[in-house]
Amino acid sequence: PVEPPAAAARPAVGETMDAEQSRHRERFAADPDATASFELIEEQCFLAGRWNELAELYGHRLTAPSLAEDPAARARLQLRLGQLLEERIGDGDAAIEAYRECARLDGARRAAWQGLRRLYTARGSWAAVLQVAELEAATLGDPAERARPFQEGGGSWSQHLGDPRHAAQAYV
């Protein structure tokens, strides 16, 4: 009878996966455009709750030459980075920067404006809340949609800045 190969001759499943993961990490480190490697590492970081590593991964991905020519893809990644920084890492300053960059790249991305308003509201930065509302409203075409940021701004003028005249103008 033929004997099966010795167990030591075959790598264990975990060793094979570790080697594959290492190859993907090396590939992505050398080439931030290596999409398959990026997606695999992103999923691993997310599932393991390695938030700081995921933020670094996003930062490296943003250096990819292909993203330089694709503002929509950069905006999507900046939004994910902002959400990660805000919700999982708790770095409001860095989240604000990511949301600002997302909004600069794609002003129609409402989640970026909402993130900025949420963070500025939490800080009590009412002038910044109002500025964000004005910038967001300028990106909206539908008058009913454009009114919402101004309505929120009116609340800030009235409740937090004690200026009923500006509040009334925002509500109009």
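(A) Molecular detail of the overall build of the protein. Broken down by element type, the protein carries ten helices and zero strands. If you sum the accessible surface of the protein, you get close to 10,100 Å²; carbon and sulfur atoms cover 53% of it.

(B) Region of the structure containing the packing of aromatic side chains. In this structure the tally under the stated criterion is three aromatic pairs. Measuring from centroid to centroid gives 5.7 Å for Phe28 and Phe38, while their planes differ by 35°, and the two rings are tilted. Of this pair, Phe28 sits in helix α1 (residues 13-30) while Phe38 sits in helix α2 (residues 35-48), and the two are ten residues apart along the sequence. Overall, Phe28 belongs to the buried group, its relative accessible area being 4%. An angle of 50° between the planes, with centres 6.2 Å apart, marks the rings of Phe38 and Tyr58 as tilted. Here Tyr58 lies in helix α3 (residues 51-61) and Phe38 lies in helix α2, a separation of 20 residues in the sequence. One aromatic cluster in this structure is built from Phe28, Phe38 and Tyr58.

(C) Structural view of the side chain of Gln44. By the element assignment, Gln44 lies in helix α2. We classify Gln44 as buried; its relative accessible area is 17%. Sequence-distant contacts of Gln44, defined by excluding residues within four places in its chain, comprise Gln21, Arg25 and Arg50.

(D) Inspection of the environment of Ala108 at higher detail. Mapped onto the fold, Ala108 is located in the loop between α6 (92-105) and α7 (110-123). Residues Ala108 and Gly141, 33 residues apart in the sequence, show an inter-C-alpha distance of 9.7 Å.

(E) Structural detail: the environment of Leu105. You can see Leu105 is positioned in helix α6. Residues Leu105 and Asp70, spaced 35 residues apart in sequence, show a C-alpha to C-alpha distance of 9.6 Å. Not counting residues up to four positions away in its chain, the partners in contact with Leu105 are Pro71, Arg74, Ala75 and Gln78.

(F) Region of interest: the nonpolar core. One finds Leu54, Tyr58, Leu81, Tyr99, Leu116 and Tyr120 to be the most contacted residues of the largest nonpolar core, which totals 34 residues. Elements with a contribution of two residues or more to this core: α2, α3, α5 (71-89), α6, α7 and α8 (126-139). Per-element tally for this core: the top contributor is α5, with seven residues.

(G) Quick peek at α8. For α8, which comprises 14 residues, the first-to-last C-alpha distance of 20 Å matches the rise-based estimate of 20 Å (1.5 Å per residue) to within 8%. Within α8 the residues assigned to the buried category are Trp126, Ala128, Val129, Leu130, Val132, Ala133, Glu136 and Ala137.

(H) Summary view of the pattern of salt bridges. Inspection of the entire model under this criterion finds ten salt bridges. Measuring nitrogen to oxygen at the nearest pair gives 2.8 Å for the salt bridge that ties Glu53 to Arg25. Residue Glu53 is located in helix α3, and its partner Arg25 is located in helix α1; the two are separated by 28 residues in the primary sequence. Overall, the relative accessible area of 30% leaves Arg25 in the partly exposed class. Between Glu42 and Arg80 there is a salt bridge whose closest N-O contact spans 2.8 Å. Of the two residues, Glu42 is situated in helix α2 and Arg80 in helix α5; the sequence distance between them amounts to 38 residues. One salt-bridge network, held together by shared partners, links Arg25, Arg50 and Glu53.

Thresholds applied
Residues numbered from 1 in each chain as written. Predicted model: local features only at pLDDT ≥ 70, side-chain atom pairs only at ≥ 80, totals over all residues. Heavy atoms only, no water. Helix = DSSP H or I, 4+ residues; strand = E, 2+ residues; numbered from the N terminus. Areas by Shrake-Rupley, 256 points an atom, 1.4 Å probe, with all protein chains shown as cover. Phe/Tyr/Trp six-rings, centres within 6.5 Å; stacked < 30°, edge-to-face > 60°. Buried < 20%, exposed > 50% of the residue type's maximum accessible area, 1.4 Å probe, protein only. Contact = heavy atoms within 4.5 Å. Core = buried A, V, L, I, M, F, W, Y, C linked by side-chain atoms within 4.5 Å. Expected span 1.5 Å × (residues − 1). Salt bridge = Lys/Arg side-chain N within 4 Å of Asp/Glu carboxyl O.

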